[in-house]
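Given next are the chains, with one letter for each unit.
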Amino acid sequence: MTAQVEAVNGVSPNGSNAPSGPPAIRVEDLSTGYHEEPVLQHVDLSVAAGSLVGLIGPNGSGKSTLFKTMTGLHEPWTGRVLINGKPGKPGADVAYVPQTETVDWSFPVTAGQVVMMGRYPRLGLIRWPRKRDHEIVDRSLEKVGMSGFKDRQIGQLSGGQRQRVFLARALAQEPSILLLDEPVSGVDATTQHQIFELLDQLCEEGVTTIVASHDLSCVAQRFDQVLLLNRTVHGYGPPDEVLTQDLLNKTFQSHLLLLRLGTRTFVVEDPDHFQHD
Ligand SMILES: Nc1ncnc2c1ncn2[C@@H]1O[C@H](COP(=O)(O)OP(=O)(O)OP(=O)(O)O)[C@@H](O)[C@H]1O
Ligand SMILES: [Mg+2]
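What comes next is a walk through the structure. The model shown is predicted, which means the values in this text are computed figures rather than measured ones.

Structural notes on the pairing of strand 5 (residues 94–97)
Residues Val94 and Tyr96 point to one face of strand 5 and Ala95 and Val97 to the other, with burial holding for every one of them. As paired elements, strand 5 and strand 6 (residues 177–181) share 4 bridges and run parallel to each other. Bridge pairing in strand 6 places Val94 opposite Ile177.

Below, the structure written as structure tokens:
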């Protein structure tokens, strides 16, 4: 993969080829939270276009809050987020698949109609889907292996199938930036593999993708950049540079064991640590 990264915080930049345009996402000294309770503090980050980033951190570390702030759903207290060099609402450039959808599952809407919602930000003045929009919906469903479920009511799909439909809705938006909050939790291993193949393909097409995940070994192996977040950025860069014992301990504030087998890296809980506590 060819993505380059400028790390503002944490691990040093992978500066071999400086990106020519502005970074796809730039977060400058961002602090925010809820009801005067801070969650993110002094987050600085610069993600080059076409990066495939794994976002990791413990529960409550601010991963979803960071996504919501990047999409304009949550306001910064201080600092700012620039999308493709521009401040303000990100619009159709950013597609976001939240960790949990607040959906009325009894609402009579089909999988195909849900995916068409991804086209709404791109519909012209007439605001009516055209042939091309229908083709994009079909292609998006196909990419997530859900073509056969196009006319199925969303409430009649399994949890993993619904997740794939929401991913298809994000793809239908044709975003330049894709933010996925734990997209493979609850998805079977074969589908998980297909989704990662799809993310690799999107990355090659220049789409910048950030995926929040608790599967640290998967992040170590499948992503070209890793972002360690716990209230602030503890590291950002290629897995080999960022997934160190020291940075993992700082981020997770617990003992995780880093195992390197050949070229592969695995991260596992340290059972001895729990026995001795
Ligand atoms: N709407 C909200 N109102 C008040 N507090 C919130 C709200 N959403 C999140 N929080 C709090 O903000 C903190 C960060 O939450 P966030 O959802 O960003 O964490 P996360 O890293 O995504 O966690 P997880 O791995 O469990 O998904 C937590 O302490 C959480 O309780
Ligand atoms: Mg979350």
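Quick look at the packing of aromatic side chains
Under the defined criterion, the tally for this structure stands at 2 aromatic pairs. Centre to centre, the rings of Phe196 and Phe223 are 5.6 Å apart; their planes meet at 85°, and the pair counts as edge-to-face. Of this pair, Phe196 sits in helix 5 (residues 189–204) while Phe223 sits in the loop between helix 6 (216–222) and strand 8 (225–230), and the two are 27 residues apart along the sequence. Each member of the pair, Phe196 together with Phe223, is buried.

Let's talk about the sheet that holds strand 4 (residues 78–83)
Within a beta sheet, neighbouring strands are joined by backbone hydrogen bonds and run either parallel or antiparallel to one another. Read across the open sheet, the 3 strands follow the order 2-1-4; overall the sheet is antiparallel. Because the sheet does not close on itself, it has two edges, and the strands there are strand 2 (37–47) and strand 4. Within this sheet the neighbouring strands show an average axis-to-axis angle of 25°, counted without direction. In this structure, strand 1 (residues 25–34) lies alongside strand 4, joined through 5 bridges in antiparallel fashion. Of the residues in strand 4, the one forming a bridge with Val27 is Val81. Along the sheet face, helix 1 (residues 63–70) touches strand 1, strand 2 and strand 4 and points at about 120° away from the line of strand 1.

Considerations on the environment of Val207
Tracing the sequence through the fold places Val207 in the loop between helix 5 and strand 7 (208–212). Separated by 33 residues in sequence, Val207 and Glu174 have C-alpha atoms that sit 9.1 Å apart. Each residue touching Val207, except ones within four places of it in the same chain, is listed here: Gly50, Ser51, Pro175, Ser176, Ile177, Leu178 and Leu202.

Some thoughts on the nonpolar core
Counting residues in hydrophobic clusters, the biggest one holds 50 residues, and the most contacted among them are Ile56, Val165, Leu178, Leu199, Leu228, Leu243 and Leu248. The element best represented in this core is helix 4 (residues 159–172), accounting for 7 residues. Taken domain by domain, the makeup of this core includes at least three residues from each of domain 1 (1–84 + 176–195 + 204–244) and domain 2 (100–175). The contact partners of Leu243, leaving out residues within four places of it in the chain, are Ile56, Ala220, Val226, Leu228, Leu248, Leu258 and Arg260.

Some remarks on the sheet that holds strand 9 (residues 232–237)
Spatially, 6 strands are ordered 5-6-7-3-8-9 in an open sheet, and the strand pairing comes out mixed. Because the sheet does not close on itself, it has two edges, and the strands there are strand 5 and strand 9. For this sheet, the mean angle separating the axes of adjacent strands, direction not counted, is 15°. By the bridge criterion, 5 bridges tie strand 6 to strand 7 in an arrangement that is parallel. Bridge assignment links Leu180 to a residue of strand 7, and that residue is Val211. Contacting strand 3 (52–56), strand 8 and strand 9, helix 8 (residues 245–252) runs over the sheet at an angle of about 40° to strand 8.

Rules used in this analysis
Residues numbered from 1 in each chain as written. Chains lettered and ligands numbered in written order. Predicted model: local features only at pLDDT ≥ 70, side-chain atom pairs only at ≥ 80, totals over all residues. Heavy atoms only, no water. Buried < 20%, exposed > 50% of the residue type's maximum accessible area, 1.4 Å probe, protein only. Helix = DSSP H or I, 4+ residues; strand = E, 2+ residues; numbered from the N terminus. Pairing = 2+ DSSP bridges. Phe/Tyr/Trp six-rings, centres within 6.5 Å; stacked < 30°, edge-to-face > 60°. Axes fitted to C-alpha atoms, helices over the stretch in contact; angles between N-to-C directions. Contact = heavy atoms within 4.5 Å. Core = buried A, V, L, I, M, F, W, Y, C linked by side-chain atoms within 4.5 Å. Domains from an automatic or database assignment.

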